[in-house]
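Topology and contacts: notes
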Amino acid sequence: MGRKYFGTDGIRGRVGDGAIRPEFVLRLGYAAGRVLAGARGPSSNGHRPTVLIGKDTRISGYMLEAALEAGFSAAGVDVVLSGPIPTPAVAYLTRALRLSAGVVISASHNPFEDNGIKFFSADGNKLPDAVEEEIEAALDRPMGCVGSVDLGRVRRLDDAAGRYIEFCKSSFPNALDLKGMRIVVDCAHGAAYHTAPPVFHELGADVIRIGNEPNGLNINDGCGATQPEALQRAVAQYRADLGLALDGDADRLIVVDATGRIYNGDELLYVIVRSRQANGPVPGAVGTLMSNLALEQAIGRLGVQFARAKVGDRYVLEMLRDKGWLYGGESSGHLLCLDWHTTGDGTISALQVLSAMRGSGKTLAELTSELELYPQELINVRTAPGFDWQSHEGLQAACREVEAELGDQGRILVRASGTEPLLRLMVEAREADMAQQLARRLADSLKG
């Protein structure tokens, strides 16, 4: 059974189109209440099931929050509202407060016109596909409503941000602090605008805040982890030691050092694994099909196994749990440190990088000196819907030729987009010119 609404990261789309409409979200809240929170009857401890709803700073969050709230209430589920708060904060608070489930209203790094719904289970983990399919099946059934005496009640969690700030700080070693460091924190006008800066400030850093004035329309607009140029300018302007950029829901991290150099998720994962290894053996780390080959080789030189999951942090998490490992991530800046959190968290990831720097007395450039990323060239080729690229003789012949030419000094990756009729062609090579040339050869093989 496939999923009709859920993608790799919940349900997401343009507000007013498809599923991101109030009438659908009302039904979704009801269906999820029946499935996730055990709304068919009282929970095992005799209390009414309760769900936490958090959101980022998009103006549409108010509308979608109200629709979800009504749906859960109609299913007999109590609701706790946190207001704007990072996605990983919802995962943490759901677990810490022993709630039945958590829901995030966010479209992560997308522009404000988009929004989405993402669920966490009671233990703070993203839902497995089977549970999402069960919710979709419930959506196909008529919506009902419990009797008035059983309707869900709603309350606000006024100290949600404070609880989460203390949790983040607890992931930084007690013996270390950030005194003497000037750090620029770019919150992308998103959910971490009131949580991330206090974390670093309270640990002793001199914090310069940018991207921390959300107005409902400016989330991810010219700032944040997907557009780090604003952070680079601010680091130079304020002569900062480091810059940290989060995305709209604060589960992604990109770092800029004092020279303006950008460090992506592959480099940051290497720093974290290398630092952890100094305190004990690290059996393995997980990247994705898009992780740079140089990361795999550098991790191997540390004596640590490296495995690749499908693209998407949920698949990195699944592989980590299957293997019993703790550290993984994507080059986009989604990083997982399962010794501290159940999901990717930009603020906690930043603290682990800072811990490695402060504990070693080294700069990021020094910590990554053994890792030189291969240039990557990515070309997106528009195809007909349902195009079977695996049976295309020209492309397959070109792939064999390119792989033979690269040998062990590079790699190729061909994959279909999961959201639009595109074929993504990626080549890594020692030299940028070679990567570009070989990627173009793959793209040209699809012509005619």
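Each remark here, short or long, concerns the structure printed above.
Residues numbered from 1 in each chain as written. Predicted model: local features only at pLDDT ≥ 70, side-chain atom pairs only at ≥ 80, totals over all residues. Heavy atoms only, no water.

Quick word on the pairing of strand 3 (residues 78-84)
Counting buried residues in strand 3 gives 6 out of 7 residues, a clear majority hidden from the surface. Relative to strand 3, strand 2 (residues 50-55) is paired through 6 bridges, and the arrangement is parallel. Residue pairing across strands places I53 opposite L81, the latter belonging to strand 3. Bridge count between strand 3 and strand 6 (residues 154-156): 3 bridges; the pairing is parallel. Looking at strand 6, one finds that L81 is bridged to R156. (Buried < 20%, exposed > 50% of the residue type's maximum accessible area, 1.4 Å probe, protein only. Helix = DSSP H or I, 4+ residues; strand = E, 2+ residues; numbered from the N terminus. Pairing = 2+ DSSP bridges.)

Considering the sheet that holds strand 2
The sheet built from 6 strands is open, its strands ordered 1-5-4-2-3-6 with mixed pairing. Where the open sheet ends on each side, the last strands, each with one partner, are strand 1 (11-14) and strand 6. Between one strand and the next, the sheet's axes are offset by a mean angle of 20°, whatever the strand orientation. Here helix 1 (residues 22-36) sits on the sheet in contact with strand 1, strand 4 (101-105) and strand 5 (114-121), set at roughly 10° to strand 5. (Axes fitted to C-alpha atoms, helices over the stretch in contact; angles between N-to-C directions. Contact = heavy atoms within 4.5 Å.)

Re the packing of helix 13 (residues 393-406) against helix 14 (residues 432-444)
At a minimum axis distance of 9 Å, the contact between helix 13 and helix 14 shows a crossing angle of 160°. Overall, the two elements helix 13 and helix 14 adopt an arrangement that is roughly antiparallel. Every pair of crossing elements has a handedness; the one defined by helix 13 and helix 14 is right-handed. Across the interface between the two elements, L395, A398, C399, E401, V402, E405 and L406 of helix 13 pack against M434, L438, R441 and L442 of helix 14. Tallied by class, residues from the contact of helix 13 with helix 14 come to 8 nonpolar, no polar and 3 charged. (Parallel < 35°, antiparallel > 145°, perpendicular 65-115°, else oblique. Left-handed = near helix turned anticlockwise from the far one by under 90°. Nonpolar A, V, L, I, M, F, W, Y, C, P; charged D, E, K, R; others polar.)

Here we look at the nonpolar core
The tendency in soluble globular proteins is for nonpolar side chains to be buried as a group. If you look at the biggest cluster of nonpolar residues, it comprises 66 residues, and the most contacted ones within it are L178, F200, L244 and L354. The leading source of residues in this core is helix 11 (residues 346-360), at 7 residues. If near-sequence neighbours (up to four positions away) are discounted, L178 is found in contact with F172, I183, F200, L203, G204, A205, L354 and R358. (Core = buried A, V, L, I, M, F, W, Y, C linked by side-chain atoms within 4.5 Å.)

A look at unusual backbone geometry
Despite not being glycine, H189 has its phi angle at roughly 50°, a positive value. Mapped onto the fold, H189 is located in the loop between strand 7 (182-186) and helix 6 (196-202). Residue H189 is classed as buried on the basis of its relative accessible area, which comes to 15%. A positive phi angle, near 60°, is found at N220, a position not held by glycine. Mapped onto the elements, N220 comes out in the loop between strand 8 (206-210) and helix 7 (229-237).

Examining the sheet that holds strand 17 (residues 410-416)
Across the sheet, which stays open at both edges, the 3 strands sit in the order 16-18-17 with antiparallel pairing between neighbours. Edge positions in the open sheet fall to strand 16 (376-382) and strand 17, since each of these has one partner strand only. Each neighbouring strand pair of the sheet contributes to a mean axis angle of 15°, computed without reference to strand direction. Sheet analysis places strand 17 next to strand 18 (residues 422-429), joined by 7 bridges and oriented antiparallel. By the bridge assignment for strand 18, G410 is matched with A429. Along the sheet, helix 14 makes contact with strand 16, strand 17 and strand 18, crossing strand 18 at roughly 150°.

These figures come from the coordinates and say nothing about function on their own.
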